[in-house]
Amino acid sequence: NCSWSSIFEMVKQPSLLWACWHPHNLGEYHTIKQLWAAWHEGMIVDGVGQMPPLQLIEQEWGGTKDRLTRKGRRQAWRPHNDNNVRRQWSQFMFFIAHINSTMDAGNHASEAVRILDEQRGSMSVPQFHSKLQPKKKRTQVPAASADASSV
């Protein structure tokens, strides 16, 4: 049997998988459809074949948490304490969450992807990500306290 699950059974050190199976940086995806394909179908590796869908990798070795007990297991395939990895995964999953929420509203995956790609228009995927991100409110130091410190 040559299914991804039978291949996964042979993996003894999932922490080494990130180096070869991680998602691309957002700038390497030209469309939301390509990003979704990496999640749902697996990325094509020219001249080699196809990587497993990131969804399956995350299912197998991602972090899980019981909503009632709030206890769970730590994810095993992404490097721990690496801000670049955390940022890369977070940005990738930002779009997966958007697609899933559009699907929760009753759309098929292909329709959800089409809607996002249509909204993206001529923007790059990173530009679209920035546009969709909620704006962070900057906390401003009141002028009175700034003046008081100089007295």
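The structure reproduced in this document is the subject of the present report. Bear in mind that the values here come from a model prediction, so they are computed numbers and not experimental data.

## Topic: the overall build of the protein chain
And then number 1: Secondary structure assignment for the protein chain yields 8 helices and 4 strands.
And then number 2: Expressed as a percentage of the 151 residues in the protein chain, the buried residues total 30%.
And then number 3: Considering only residue pairs separated by 6 or more positions, the protein chain has 55% of its internal contacts joining residues 24 or more positions apart.
And then number 4: For the protein chain, the accessible surface area stands at approximately 10500 Å², while carbon and sulfur atoms represent 52% of it.

## Let's talk about the pattern of salt bridges
And then number 1: Overall, the coordinates contain 4 salt bridges when judged by the stated rule.
And then number 2: The salt bridge involving glutamate 118 is made with arginine 114; its shortest N-O contact spans 2.6 Å. In this pair, glutamate 118 and arginine 114 both sit in helix α6 (residues 109-120), 4 residues apart, roughly one turn of the helix.
And then number 3: Here glutamate 118 falls in the exposed class, since its relative accessible area comes to 58%.
And then number 4: Its relative accessible area of 38% is what places arginine 114 among the partly exposed residues.
And then number 5: The residue aspartate 117 makes a salt bridge to arginine 120 at a minimum N-O spacing of 3.0 Å. Of this pair, aspartate 117 and arginine 120 both sit in helix α6, separated by 3 residues, roughly a single helical turn.
And then number 6: Overall, the relative accessible area of 16% leaves aspartate 117 in the buried class.

## Overview of the packing of aromatic side chains
And then number 1: One pass over the structure, following the stated rule, counts 13 aromatic pairs.
And then number 2: Aromatic side chains tryptophan 4 and tryptophan 21 sit 6.1 Å apart centroid to centroid with 85 degrees between the ring planes, which places their arrangement in the edge-to-face category. Residue tryptophan 4 is found in helix α1 (residues 4-9), and its partner tryptophan 21 is found in helix α2 (residues 18-21); the two are separated by 17 residues along the sequence.
And then number 3: Residue classification places tryptophan 4 among the partly exposed residues on the basis of a relative accessible area of 25%.
And then number 4: Where tryptophan 77 meets tryptophan 89, the ring centres are 5.5 Å apart and the plane angle is 90 degrees; that geometry is what we call edge-to-face.

## Description of helix α3 (residues 32-40)
And then number 1: Residues Ile32, Leu35, Trp36, Ala37, Ala38 and Trp39 constitute the buried set of α3.
And then number 2: Looking at the packing, one finds that the buried side of α3 touches α4 (54-61), α5 (83-104), α6 and α7 (125-132).
And then number 3: One or two residues past the end of α3 sits glycine 42, with phi positive at roughly 100 degrees.

## Concerning the nonpolar core
And then number 1: Ile32, Leu35, Trp77, Phe92 and Phe95 are the most contacted members of the largest nonpolar core, which totals 30 residues.
And then number 2: Where this core is concerned, the elements lending two or more residues are α2, α3, α4, α5, α6 and α7.
And then number 3: The residues touching phenylalanine 92, leaving out its near neighbours within four places in the chain, are Pro23, Leu26, Tyr29, Leu35, Ala38, Trp39 and Leu54.

## Some words on α5
And then number 1: Between its first and last C-alpha atoms α5 spans 30 Å; for 22 residues at 1.5 Å apiece the expected length is 32 Å, and the two agree.
And then number 2: For α5, the set of buried residues is Val85, Gln88, Trp89, Phe92, Phe94, Phe95, Ile96, Ile99 and Thr102.
And then number 3: Buried positions along α5 lie against α2, α3, α4, α6 and α7.
And then number 4: Two residues or fewer past α5, glycine 106 is found with a positive phi of approximately 110 degrees.

The rules behind each value
- Residue positions are given per chain, counted from 1 along the sequence in the order it is written.
- Owing to the predicted nature of the model, reporting of local features is limited to residues with pLDDT of at least 70; listing and counting of side-chain atom pairs is limited to 80 or more, with chain, interface and lining totals taken over all residues.
- As a convention, hydrogens and water are excluded, and side-chain values are obtained from all of the structure's heavy atoms.
- Runs of E in the DSSP output that reach at least two residues are strands. Runs of H or I that reach at least four are helices, and both are numbered from the N terminus.
- Only protein chains enter the accessibility calculation, which uses a 1.4 Å probe. A residue is then buried if its area is under 20% of the maximum for its type, exposed if over 50%, and partly exposed in between.
- Here, residues are in contact when the closest pair of their heavy atoms is within 4.5 Å.
- Note that accessible areas follow from Shrake-Rupley with a 1.4 Å probe, and for residues the cover is restricted to the protein chains shown.
- Any carboxyl oxygen of Asp or Glu that lies within 4 Å of a side-chain nitrogen of Lys or Arg is treated as forming a salt bridge with it.
- Pairing of aromatic rings covers Phe, Tyr and Trp, the last counted by its six-membered ring, and requires centre-to-centre distances within 6.5 Å; plane angles under 30 degrees mean stacked, over 60 mean edge-to-face, and any other angle means tilted.
- Throughout this description, the term nonpolar core refers to a set of buried Ala, Val, Leu, Ile, Met, Phe, Trp, Tyr and Cys residues connected via side-chain atoms within 4.5 Å.
- One fewer than the residue count of a helix, multiplied by 1.5 Å, yields its expected span.

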